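Residue strings, one per chain:
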Amino acid sequence: MKPVCVITGGGSGMGRATAKLVCEAGYHVILVGRTAAKLESAVAELTEAGHEAEAFACDLSDRASCEKLARHAVERGQVKALLHIAGMSPHMGSPEAILRANALGTVNINDAFYPVMAPGGCVIDTSSMSAYLAPSFIMPKRVYPLARTDREKFLKKMMARINLMPKSARTGVAYSISKHFVIWFAKTDAARFGAKGVRCLSVTPGNFDTPMGQLESAEAQTFTAHSALKRNGRPEEIAALYALLLDERLGHRHGRRCHCQWDQRPFPLTDISPFSPFSTKPAFLLPRESRFCHFQLLLRLICLNADAVDGDRFRGLLVLIHGGLSDGVHHVHPLVHLAQHGIGVV
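Reading the values: rules and limits
- Residues numbered from 1 in each chain as written.
- Predicted model: local features only at pLDDT ≥ 70, side-chain atom pairs only at ≥ 80, totals over all residues.
- Heavy atoms only, no water.
- Core = buried A, V, L, I, M, F, W, Y, C linked by side-chain atoms within 4.5 Å.
- Buried < 20%, exposed > 50% of the residue type's maximum accessible area, 1.4 Å probe, protein only.
- Helix = DSSP H or I, 4+ residues; strand = E, 2+ residues; numbered from the N terminus.
- Contact = heavy atoms within 4.5 Å.
- Pairing = 2+ DSSP bridges.
- Right-handed = clockwise from strand over helix to strand, strands pointing away.
- Phe/Tyr/Trp six-rings, centres within 6.5 Å; stacked < 30°, edge-to-face > 60°.
- Axes fitted to C-alpha atoms, helices over the stretch in contact; angles between N-to-C directions.
- Parallel < 35°, antiparallel > 145°, perpendicular 65-115°, else oblique.
- Left-handed = near helix turned anticlockwise from the far one by under 90°.
- Nonpolar A, V, L, I, M, F, W, Y, C, P; charged D, E, K, R; others polar.
- Salt bridge = Lys/Arg side-chain N within 4 Å of Asp/Glu carboxyl O.

Engineer: Any details on the nonpolar core? Residues and values, ideally.
Structural biologist: By size, the foremost hydrophobic cluster in this structure holds 27 residues, and its most contacted members are Y144, F154, M158, I162, I177 and F181. Of all the elements in the fold, those that place two or more residues in this core are α4 (95-113), α5 (146-149), α6 (151-162) and α7 (170-194). Those residues in contact with I177 that sit more than four places away from it in its chain are I138, M139, P140, Y144, M158, R161 and I162. Within the second largest apolar cluster, 26 residues are counted, among which are Y27, V29, I124 and L241.

What follows is the structure in structure tokens.
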């Protein structure tokens, strides 16, 4: 009997490309999605190639649905691999729906598969480079542990942080926070899985040519322009990473995040479109402690004057804040940027 690999989001994009390589490695693959019908073409492609594959419908935001999937998987054989690739992008739902799918969905799938994972197996959760595009101090890290003890309180506090942002930016911020949570959760879940001889880690993709990536194509063009390769990744390129990480010869790779993106370089202030207008004249270099206080103030003022800042400019200001906290970066004083965006200081 072949070992079992479960792939959420296996009907298209990165999940589908990964399924081909995992099947070639000798696994019985279960492709997971909200509706089995959308997975059938991927299953047909794999079975026609002589592989063992099946579809299973599962709502990852529903704990009972994930537990049903885990029970089904263990009936098929030893569950040696769980690739949690499914997710919801900023264009696919409300901020709360994004949190339920990406953050609580990761908790649900890991919890459901913890009892059934075989020793020597591997669990891989999928984050996103968006986790790094918002400044770290807006991430409600102290709330994260509540996901294990009080899910409703966790969701309420996460939404309270997101609702501080302008409405037009909330889905994007919800996505960034949810993917930042995934990195934390996989890292902290490594101890639990490790005790039973199972590895747990996360993969952090950049922009890839997938159906979800197409929804974010307008935003992706900005980042691609500042990348070394000047293109998005192809699904088969990251599929090779997922398949490689399942290899038991990498048995000490545990609890870590693996980046797979296009070697993005930092945004220079002179070329930050479409987040313009920003002043391109260097001003002075603030000490790091002062910069931290100034940019915290900037974020608070933006949130208090949400109506004066549209979504694109808000995201640009977050990038600016993020860069402003890096050592050795010259920036115009934050109050200059507030004035440029029509925000007055009372």
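Engineer: Before we move on, can you summarise the pairing of strand β4 (residues 79-84) with the specific residues and values?
Structural biologist: Taking burial as the measure, the six residues of β4 include six buried ones, the bulk of the element. One ladder, built from five bridges, connects strand β1 (residues 4-8) with β4; its direction is parallel. By the bridge assignment for β4, I7 is matched with L83. Relative to strand β5 (residues 117-126), β4 runs parallel, the two being bridged by five bridges. Bridging from a neighbouring strand, L82 pairs with V123 of β5. Traced from β4 through α4 to β5, the parallel crossover comes out right-handed.

Engineer: Which residues make up the pairing of strand β2 (residues 28-33), and what are the values?
Structural biologist: Of all the six residues making up β2, six are buried; the element is thus mostly covered by neighbouring parts of the structure. Here β2 shows two buried faces, one formed by H28, I30 and V32 and the other by V29, L31 and G33. Pairing between β1 and β2: five bridges, direction parallel. Across the sheet, the residue bridging to V6 is I30, located in β2. Read from β1 through helix α1 (residues 13-24) to β2, the crossover connection turns out right-handed.

Engineer: Quick rundown of the packing of aromatic side chains? Include the residues and the values.
Structural biologist: What the rule picks out here adds up to seven aromatic pairs. A centroid spacing of 5.2 Å and a plane angle of 50 degrees characterise the contact between F154 and F181, whose relative ring orientation is tilted. Within this pair, whereas F154 is found in helix α6, its partner F181 is found in helix α7, the two being separated by 27 residues in sequence. With respect to class, F154 is no different from F181; both count as buried. Plain terms: the ring middles of F181 and F185 are 5.6 Å apart, the flat faces sit at 25 degrees to each other, and that makes the pair stacked.

Engineer: Tell me about the packing of α1 against helix α10 (residues 235-245), and please be specific about residues and values.
Structural biologist: Their axes nearest at 8 Å, the elements α1 and α10 cross at an angle of 55 degrees. Regarding the angle of α1 to α10, the classification is oblique. Where α1 crosses over α10, the two elements pack in a sense that is right-handed. Between α1 and α10, the contacting residues are G13, M14, A17, T18 and L21 on the first element and P235, E236, I238, A239, A240, Y242 and A243 on the second. For the contact of α1 with α10, the class distribution of residues is nine nonpolar, two polar and one charged.

Engineer: Tell me about the side chain of T18, and please be specific about residues and values.
Structural biologist: By the element assignment, T18 lies in helix α1. Accessibility expressed as a relative area gives 0% for T18, which makes it buried. Setting aside residues up to four positions removed in sequence, T18 forms contacts with I7, L83, I85, A239 and Y242.

Engineer: Please set out the pattern of salt bridges residue by residue, giving values where relevant.
Structural biologist: Side-chain pairs of opposite charge can arise whenever the charged atoms involved come near each other. Across all of its chains, the model carries 10 salt bridges by this definition. For R16, the salt bridge is made with E45, and the minimal N-O distance between the two is 2.7 Å. Remark: E45 occurs in helix α2 (residues 40-48) and R16 occurs in helix α1; sequence separation between them is 29 residues. Assessed through its relative accessible area of 22%, R16 is described here as partly exposed. With a closest N to O distance of 2.8 Å, D111 and R192 form a salt bridge.

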